[in-house]
Amino acid sequence: MAVEHPLATPTGDQSRIHDIGYRGYDGPRLGRAYARRSLYSQSLRGAYGLGRSVKSKVLPMLLFAVMCVPAAIMVAVAVATKAHELPVSYTRYAIIMQAVISLYVASQAPQAVSRDLRFKTVPLYFSRPIETADYVRAKFAALASALFVLTAAPLLVMYVGALLSKMGFAHQTEEFAQGLVSVALLSLLFAGIGLVIAAVTPRRGFGIAAVIAVLTISYGAVSTLQAIADVQGSGDAVPWIGLFSPITLIDGVQSAFLGGSSAFPGQAGPSSGEGVVYAVFVLGLIAACYALLVRRYRKVGL
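Every residue gets a number counted from 1 within its own chain, in the order that chain's sequence is written. Since the coordinates come from a predicted model, pLDDT governs what is reported: local features require at least 70, and pairs of side-chain atoms require 80 or more to be given and counted, while whole-chain, interface and lining totals use all residues. Side-chain descriptors were evaluated using all non-hydrogen atoms of the structure, hydrogens and water having been removed beforehand.

Undergrad: Break down the overall build of the protein chain for me, citing the residues and quoting the values.
TA: Helix and strand counts for the protein chain stand at 11 helices and 0 strands. Numbered from the N terminus, helices here are DSSP runs of H or I no shorter than four residues, and strands are runs of E no shorter than two. When the helices and strands of the protein chain are placed in sequence order, the string is α-α-α-α-α-α-α-α-α-α-α. When we talk radius of gyration, it's over C-alpha atoms, and the globule rule is simply 2.2 Å times the number of residues to the 0.38. Here the C-alpha atoms of the protein chain give a radius of gyration of 26 Å, more than 25% beyond the 19 Å that 2.2 N^0.38 yields for 302 residues. Across its three principal directions, the C-alpha atoms of the protein chain cover 110 × 45 × 30 Å. Burial here depends on accessible area, computed with a 1.4 Å probe over protein chains only, as a share of the maximum for the residue type. Under 20% is buried, over 50% is exposed, and the range in between is partly exposed. Considering the protein chain as a whole, with its 302 residues, one finds that 42% of them fall into the buried category. In what follows, a contact means two residues having at least one pair of non-hydrogen atoms within 4.5 Å. Within the protein chain, residue pairs in contact and separated by at least 24 positions form 76% of the contacts whose partners lie at least 6 positions apart. Where accessible areas are quoted, they stem from the Shrake-Rupley method and a 1.4 Å probe; at the residue level, only the protein chains shown are allowed to cover. By element, 66% of the accessible surface of the protein chain is carried by carbon and sulfur atoms, the whole surface being about 16,300 Å². Of note, the protein chain has its 25 positive side-chain charges centred 8 Å away from the centre of its 14 negative side-chain charges. The sign given to each residue is positive for Lys and Arg and negative for Asp and Glu; His and the chain ends receive no count. Taken as the charge centre is NZ of Lys, CZ of Arg, CG of Asp or CD of Glu, depending on the residue.

Rendered as structure tokens:
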């Protein structure tokens, strides 16, 4: 009796095609621009916890409230006392609240990029019609926009309150516009620095600690050195020391060109020539942060 070998090829055509319901996509191809806008929108919403759990909304919304409440109190006092000027200028407000801004950057920059690195989802983005520069631009623009909302909202509260208290419209509008330019530069600079630091590590906790350390330690060290230089009679060195901290860079630009008052010890702030150096430094740092992010994600996306 013949026994068929178990590995023998079966006779006849036994192949089958099973229709499991998959169909090709015949709709419009929206392309890179749509993907970039979608990533920007999703990242901006995520910066305030929108579309995420309640726990994710607590810190950004709390920091937003902390930014706006002092402005509302100042407006209430100005209206009650019928003051002719706000107690704090528009350009000074973000400088005073820089600790809150730094904490926001430290909490949201790792949220924007660290999870993609940790769960290795970055190559999935680049498998679609989106390139490295698109990903970086979307994330950079989203965090900068979130920071601008955080820093411009209290200025808007102050502006509306000033108009309600019948302060000079032209004067208040000019100062409000100067404040918006100042916080726009601050938002771009802080977003770039925060994203570069956060993109180094997939660990969100390490990213938070590193961003806080860079933003706060640099400001403390620069402020201390400026005070020492002023006490020792080296006042000319004060503005040059200010080049080594993000917040003092913004302080120097807004005091030189945007009519703001400087917190630098012993002087009114950088001169016009020194202010040009400050502006070049700010723009150069923003460009350098963008270039470093593109370089980082070219390696990650492989």
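Undergrad: Give me helix α8 (residues 204-231): which residues, what numbers.
TA: One fewer than the residue count of a helix, multiplied by 1.5 Å, yields its expected span. Counted at 1.5 Å a residue, the expected span for α8 with its 28 residues is 40 Å, and the 41 Å between its end C-alpha atoms agrees. Every buried residue of α8 is accounted for by Gly-207, Val-211, Leu-215, Ser-218, Val-222, Gln-226 and Ala-229. Each element contacted by the buried residues of α8 is listed here: α4 (98-118), α7 (169-198), α9 (238-241) and α10 (246-257). Phi turns positive one or two residues past the end of α8, at Gly-233, with a value near 80°.

Undergrad: Can you explain unusual backbone geometry? Please cite residues and give values.
TA: Positive phi is not limited to glycine here, since Lys-82 has a value of about 55°. Along the chain, Lys-82 turns up in the loop between α2 (54-81) and α3 (90-96). Of note, Lys-166 is a non-glycine position whose phi angle comes to about 65°, a positive value. Looking at the element boundaries, Lys-166 is found in the loop between α6 (132-164) and α7. Overall, the relative accessible area of 77% leaves Lys-166 in the exposed class.

Undergrad: Describe the pattern of salt bridges, with residues and values.
TA: For this analysis, a salt bridge means a side-chain nitrogen from Lys or Arg found within 4 Å of a carboxyl oxygen belonging to Asp or Glu. Taken as a whole, this structure holds 6 salt bridges when the rule is applied. In this structure, Lys-139 engages Asp-116 in a salt bridge whose closest nitrogen and oxygen atoms are separated by 3.7 Å. One end of the pair, Lys-139, is in helix α6; the other, Asp-116, is in helix α4, and 23 residues separate them in sequence. The same class applies to Lys-139 and to Asp-116, which are both buried. With its nearest N and O atoms 4.0 Å apart, the salt bridge here joins Asp-134 to Arg-137. Remark: Arg-137 and Asp-134 occur in helix α6; sequence separation between them is 3 residues, near one turn of the helix. Classification of Asp-134 as buried rests on a relative accessible area of 0%. Given the relative accessible area of 42%, Arg-137 is considered partly exposed. One salt-bridge network, in which partners are shared between bridges, spans Arg-32, Arg-36, Glu-131, Asp-134 and Arg-137.

Undergrad: Give a description of the nonpolar core that names residues and reports values.
TA: Membership of the largest hydrophobic core comes to 74 residues, with the highest contact counts inside it found for Tyr-93, Phe-190 and Tyr-297. Looking at this core, the element that brings in the most residues is α6, giving 14 residues. Discounting residues that sit within four places of it in the chain, Phe-190 has contacts with Ile-101, Ser-102, Val-105, Leu-147, Leu-215, Pro-246 and Ile-247. For the purposes of this section, nonpolar cores are sets of buried Ala, Val, Leu, Ile, Met, Phe, Trp, Tyr and Cys residues that join through side-chain atoms within 4.5 Å.

Undergrad: Just give me the short version of the packing of α7 against helix α11 (residues 272-300), but keep the residues and values in it.
TA: Axes, fitted as lines to C-alpha atoms, cover a helix only where it is in contact. Angles between the N-to-C directions of the axes lie from 0 to 180 degrees. Contact pair α7 / α11: the axes reach a minimum separation of 9 Å and the direction vectors enclose 35°. Regarding α7 and α11, the two cross each other, and that crossing is left-handed. Residue-level inspection shows Leu-185, Leu-188, Leu-189, Gly-192, Ile-193, Leu-195 and Val-196 of α7 in contact with α11, the latter providing Val-282, Leu-283, Leu-285, Ile-286, Cys-289, Leu-292 and Leu-293. The class makeup of the residues in the contact of α7 with α11 is 13 nonpolar, 1 polar and no charged. Crossing handedness: left-handed means the near helix sits turned counterclockwise from the far one by under a right angle, and right-handed means the same turn made clockwise. We call Asp, Glu, Lys and Arg charged. Ala, Val, Leu, Ile, Met, Phe, Trp, Tyr, Cys and Pro are nonpolar, and the rest, Gly among them, are polar.

Undergrad: Describe a nonpolar patch on the surface, with residues and values.
TA: Distance thresholds for patches are 9 Å for like charges and 5 Å for nonpolar side chains (Val, Leu, Ile, Met, Phe, Trp, Tyr), applied to residues having over 30% relative accessible area and no salt bridge. Nonpolar side chains collect at one region of the surface, where Leu-59, Leu-62, Val-66, Leu-103 and Ile-212 lie side by side and expose about 360 Å² of accessible area between them. Its place among the elements puts Leu-62 in helix α2.

The analysis is restricted to geometry; functional conclusions fall outside its scope.
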